[in-house]
Amino acid sequence: REREREREGKGAVFPETMIALAHSRRWLQRLRAVNFTSATTSTSIDVNDGNRENVRRRLLYRSQQRGWLELDLVMGQWAQENLSSLNDELLKEYSELLDEENPDLFKWFTGQLKAPDRVQKNFAFGEIQKEIKAKLQVGNSMSMNTTGAEWVRGWNDRDKPK
């Protein structure tokens, strides 16, 4: 059969190629079926008596596994200490905070950028930001940036004349 295909000008088709093509077609079909949403659109969760503990566990996991060590520690610790006492509406609000992007959250928490109004109204954002600001005040003044200034430090900052 391969020789017949070569004579017709189609070339030989190997089984591995056919399998790869079939997988890529299935992958494209699945990709087209996915409804992509922006991180700024709320992925509102439904909390009820039947799933409340599962929601808390999911939020704790999302808090501890953000992908940025600093946020993993801060948000994970806050979630571990506070999620059990939150009512359904506050759980939804905290979920919305978790939908934000890591770089934005970090800059908003540390005061490098002003958070948007919708984030400033979030109770959890205010609580976590208070904790972070309190911890930042404990550090020495040489290791801190001024409020509102972006933290940028090069590898040779200590060698530069003051």
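The structure we're discussing is the one just above.
Q: Looking at this structure, how should I read the nonpolar core?
A: Most often, soluble globular proteins keep nonpolar side chains buried together rather than apart. With 23 residues, the main nonpolar core has L59, M75, Y94, L97, F109 and I128 as its most contacted residues. When contributions to this core are tallied by element, the ones reaching two or more residues are helix 3 (52–64), helix 4 (69–82), helix 5 (88–98), helix 6 (102–110) and helix 8 (123–138). Ignoring anything within four residues of it in the chain, the contact list for M75 reads S63, R66, Y94, L97, L98, L105, F109 and I128.

Q: Explain the packing of helix 3 against helix 5 to me, please; I cannot follow it from the model alone.
A: Angle between the axes and distance between the axes are the two parameters that describe a pair of packed helices. Relative to each other, helix 3 and helix 5 sit at 25°, their axes nearing to 11 Å. Taken together, helix 3 and helix 5 sit at an angle that is classed as roughly parallel. Crossing geometry of helix 3 relative to helix 5 is assigned as left-handed. Where helix 3 abuts helix 5, its residues R52, R56, L59, R62 and S63 lie against D88, L91, Y94, S95 and L98. For the contact of helix 3 with helix 5, the residue count by class is four nonpolar, two polar and four charged.

Q: What exactly am I supposed to notice about the packing of aromatic side chains here?
A: Describing an aromatic ring pair means giving the distance of the ring centres and the angle of the ring planes. Scanning all chains against the criterion turns up four aromatic pairs. Relative to Y94, the ring of W78 lies with its centre 5.2 Å away and its plane at 35°, an arrangement referred to as tilted. Pair noted here: W78 is in helix 4 and Y94 is in helix 5, with a separation of 16 residues, a long-range link. In this structure Y94 comes out as buried when scored by relative accessible area, which is 0%. Taken together, the ring pairs in this structure connect W78, Y94 and F123 into an aromatic cluster.

Q: For this particular structure, what's the right way to read the pattern of salt bridges?
A: Pairs can form between side chains of opposite charge whenever their charged atoms are close. Scanning the entire structure with this criterion turns up seven salt bridges. The shortest N-O distance in the salt bridge between D99 and R62 comes to 2.8 Å. With a gap of 37 residues between them, D99 in the loop between helix 5 and helix 6 and R62 in helix 3 connect regions that are remote in the sequence. You can call D99 buried: its relative accessible area is 13%. R62 gets classed as partly exposed once you look at its relative accessible area, which sits at 25%.

Q: Please explain the environment of L83 as it appears in this structure.
A: The residue L83 is located in the loop between helix 4 and helix 5 in this model. Considering only alpha carbons, one finds L83 and R57, 26 residues apart in sequence, at a separation of 8.8 Å. Not counting residues within four places of it along the chain, the set of residues in contact with L83 comprises R56, L59, L60, W78, L91 and Y94.

Q: In this structure, what is going on with the environment of T110? I would like to understand it.
A: With respect to the secondary-structure elements, T110 resides in helix 6. Spatially, the C-alpha atoms of T110 and Q129 are 7.2 Å apart, while their sequence positions differ by 19 residues. The residues contacting T110, other than those within four sequence positions of it, are I132 and L136. Here K107 takes part through its backbone oxygen, which lies 3.5 Å from a polar atom of the side chain of T110.

Q: Just checking my understanding: could you explain helix 5 for this structure?
A: One full turn of an α-helix is made of 3.6 residues, so residues set three or four places apart face in the same direction. Restricting attention to buried positions, one finds in helix 5 the residues L91, Y94, S95, L97 and L98. Within helix 5, the buried residues cover an arc of 155° as seen down the axis, which keeps them to one side. Packed against the buried residues of helix 5 are helix 3, helix 4, helix 6, helix 7 (117–120) and helix 8. One side-chain oxygen at the N-terminal end of helix 5 lies 3.1 Å from the backbone nitrogen of E89; it belongs to N87.

Cut-offs applied
Numbering of residues starts from 1 in every chain and runs along the sequence as written. Confidence filtering applies because this is a predicted model: local features only for residues at pLDDT of at least 70, side-chain atom pairs given and counted only at 80 or more, and all residues used for totals across whole chains, interfaces and linings. Side-chain measures here rest on the full set of heavy atoms in the structure, leaving out hydrogens and waters. By nonpolar core is meant a set of buried Ala, Val, Leu, Ile, Met, Phe, Trp, Tyr and Cys residues that side-chain atoms within 4.5 Å join together. Categorising residues by exposure relies on relative accessible area from a 1.4 Å probe, with only protein chains included: less than 20% of the type maximum marks a residue as buried, more than 50% marks it as exposed, and the intermediate range marks it as partly exposed. Starting at the N terminus, helices and strands are each numbered in turn, a helix being any DSSP run of H or I of at least four residues and a strand any DSSP run of E of at least two. Here a residue-residue contact requires only that any non-hydrogen atoms of the pair lie within 4.5 Å. Helix axes are fitted only over the stretch in contact, all axes being lines through C-alpha atoms; the angle between N-to-C directions runs from 0 to 180 degrees. In what follows, roughly perpendicular refers to angles from 65 to 115 degrees, roughly parallel to angles under 35, roughly antiparallel to angles over 145, and oblique to any angle outside these ranges. Crossings are sorted by hand: turned counterclockwise from the far helix by less than a right angle, the near helix makes the crossing left-handed, and turned clockwise it makes it right-handed. Residue type decides the class: Asp, Glu, Lys and Arg count as charged, Ala, Val, Leu, Ile, Met, Phe, Trp, Tyr, Cys and Pro as nonpolar, and the leftover types, Gly among them, as polar. Only rings of Phe, Tyr and Trp enter the pairing, Trp through its six-membered ring, and a pair is recorded when the two centres are within 6.5 Å. The plane angle decides the type: under 30 degrees is stacked, over 60 is edge-to-face, the rest tilted. Basic side-chain nitrogens of Lys or Arg form a salt bridge, by our definition, when they fall within 4 Å of a carboxyl oxygen of Asp or Glu. Any N or O atom pair separated by 3.5 Å or less is treated as a polar contact, with the protein-specific requirement of one donor-capable and one acceptor-capable atom, and with residues adjacent in sequence counted only for side-chain atom pairs. Of all possible arcs, the one meant is that of the directions from the helix axis to the C-beta atoms.

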